[in-house]
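Each chain, written out:
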Amino acid sequence: MAKIVILTGAGISAESGLGTFRDKDGLWTRYDLNEVATPQGFARNPGLVHDFYNARRANAAVAHPNAAHHALARLQAALPGQVQIITQNVDDLHEQAGSTDVWHMHGRLARARCASCNHRWDAPAVMAVQHPCPACTAPKTRPDIVWFGEYPFHMDDIEQALSQADLFVAIGTSGNVYPAAGFVQMANLAGADSLELNLEPSQTITDFAQARHGPASNIVPAWVEEILSGR
Ligand code: OAD
């Protein structure tokens with residue numbers, strides 16, 4: 001079981017050119033999350049929701065992992081079976097950097113889901129609700145993304161990993177969205193050490209035993225080097 005449990009958010013992909021949600025010019029300053037990231041918004045206007053995620057899929061398709069993603073992949077490779085990455089991100093930059101078994105708790109842009117029968121398949125670059133489900137043919141295609149009001153993926157595995165962690169690290173996440181924002185408290189209850197690596201203090205900074213602030217591409221590789229050199 002993993003000893004180091006790492007939660008990543010939009011901040012780790014910011015230097016790869018993918019926008020965050022809540023920073024100045026973040027996605028939620030330009031889009032109404034109630035319209036593009038809720039089941040109710042999808043029911044009202046599926047075309048608008050698909051336009052939003054099609055644009056994000058196009059951005060993600062030309063993004064490359066940065067030094068922070070690569071450093072985490074290096075850590076995972078150096079400590080086999082001891083590093084679990086949980087991400088709120090819907091891009092696949094961790095996988096592109098070489099990380100394995102990443103738990104995408106908010107889903108993935110790369111996957112499509114049938115809103116009728118729950119079948120999942122690889123998403124084309126451009127999705128539309130009327131694309132028939134390959135399994136049941138219903139014209140109810142949606143992104144395989146967890147929206148507000150929906151239950152995140154992998155929660156049983158995540159709770160188990162947190163309950164057995166020695167160290168919990170949150171990287172590039174503002175601490176605004178639960179349940180992810182509560183993971184540090186779950187890890188604390190289990191007796192783990194905790195570390196925040198973020199551009200600036202997050203909403204949950206007071207829950208962390210330690211924190212370092214700066215761009216992920218600097219502070220994540222520096223932290224990984226410390227772990228691997230035993231400092
Ligand atoms: P946010 O946009 O809320 O927070 C991003 C965090 O990254 C902020 O605290 C920034 O200070 C920090 N940051 C920005 N640039 C950085 C950099 N170069 N290096 C390090 N940190 C940096 O994004 P999340 O916390 O990931 O959910 O948002 C959580 C969830 O809210 C998302 O998964 C998404 C969103 O609504 C859904 O859509 C369901």
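Only a predicted model underlies this, so the values are computations on that prediction, with no experimental measurement involved. (Residues numbered from 1 in each chain as written. Predicted model: local features only at pLDDT ≥ 70, side-chain atom pairs only at ≥ 80, totals over all residues. Heavy atoms only, no water.)

1. Some words on helix H5 (residues 46-61)
For an α-helix, 3.6 residues make a turn, and residues three or four places apart therefore share a direction.
For step 1, the next point in the chain: The first and last C-alpha atoms of H5 sit 22 Å apart over 16 residues, in line with the 22 Å expected at 1.5 Å per residue.
For step 2, the next point in the chain: Within the span of H5, buried status applies to Val-49, His-50, Phe-52, Tyr-53, Asn-54, Arg-56, Arg-57 and Ala-60.
For step 3, the next point in the chain: As for H5, its buried residues are in contact with helix H2 (27-30), helix H3 (33-36), helix H4 (39-44), strand S4 (107-114) and strand S6 (141-145). (Helix = DSSP H or I, 4+ residues; strand = E, 2+ residues; numbered from the N terminus. Expected span 1.5 Å × (residues − 1). Buried < 20%, exposed > 50% of the residue type's maximum accessible area, 1.4 Å probe, protein only. Contact = heavy atoms within 4.5 Å.)

2. Structural notes on the side chain of Glu-196
For step 1, the next point in the chain: With respect to the element layout, Glu-196 can be found in strand S8 (residues 193-198).
For step 2, the next point in the chain: Within polar-contact distance, the side chain of Glu-196 engages the side chain of His-213 at 2.9 Å.
For step 3, the next point in the chain: With residues near it in sequence (within four places) discarded, Glu-196 still touches Ala-170, Pro-201, Ser-202, Thr-204, Ile-205, Phe-208, Gln-210, Ala-211, Arg-212 and His-213. (Polar contact = N/O pair within 3.5 Å; in protein donor to acceptor, adjacent residues only side chain to side chain.)

3. Looking at the nonpolar core
For step 1, the next point in the chain: Core analysis: the largest hydrophobic core is formed by 20 residues, its most contacted members being Ile-6, Leu-72, Val-169, Ile-171, Leu-197, Val-220 and Trp-223.
For step 2, the next point in the chain: Of all the secondary structure elements, the ones that give two or more residues to this core are strand S1 (4-8), helix H6 (67-78), strand S2 (83-87), strand S7 (167-171), S8 and helix H10 (216-228).
For step 3, the next point in the chain: If you tally residues by element for this core, the top one is H10, at five residues.
For step 4, the next point in the chain: Counting residues in hydrophobic clusters, the runner-up holds 18 residues, among them Leu-7, Ile-158, Ala-180 and Ala-187. (Core = buried A, V, L, I, M, F, W, Y, C linked by side-chain atoms within 4.5 Å.)

4. Some words on the sheet that holds strand S9 (residues 210-213)
Think of a sheet as strands paired side by side through backbone hydrogen bonds, with each pair either parallel or antiparallel.
For step 1, the next point in the chain: Taken in spatial order, the six strands make up an open sheet running S3-S2-S1-S7-S8-S9, and their pairing is parallel. In this open sheet, the two edge strands, each paired with only one partner strand, are strand S3 (103-104) and S9. (Pairing = 2+ DSSP bridges.)

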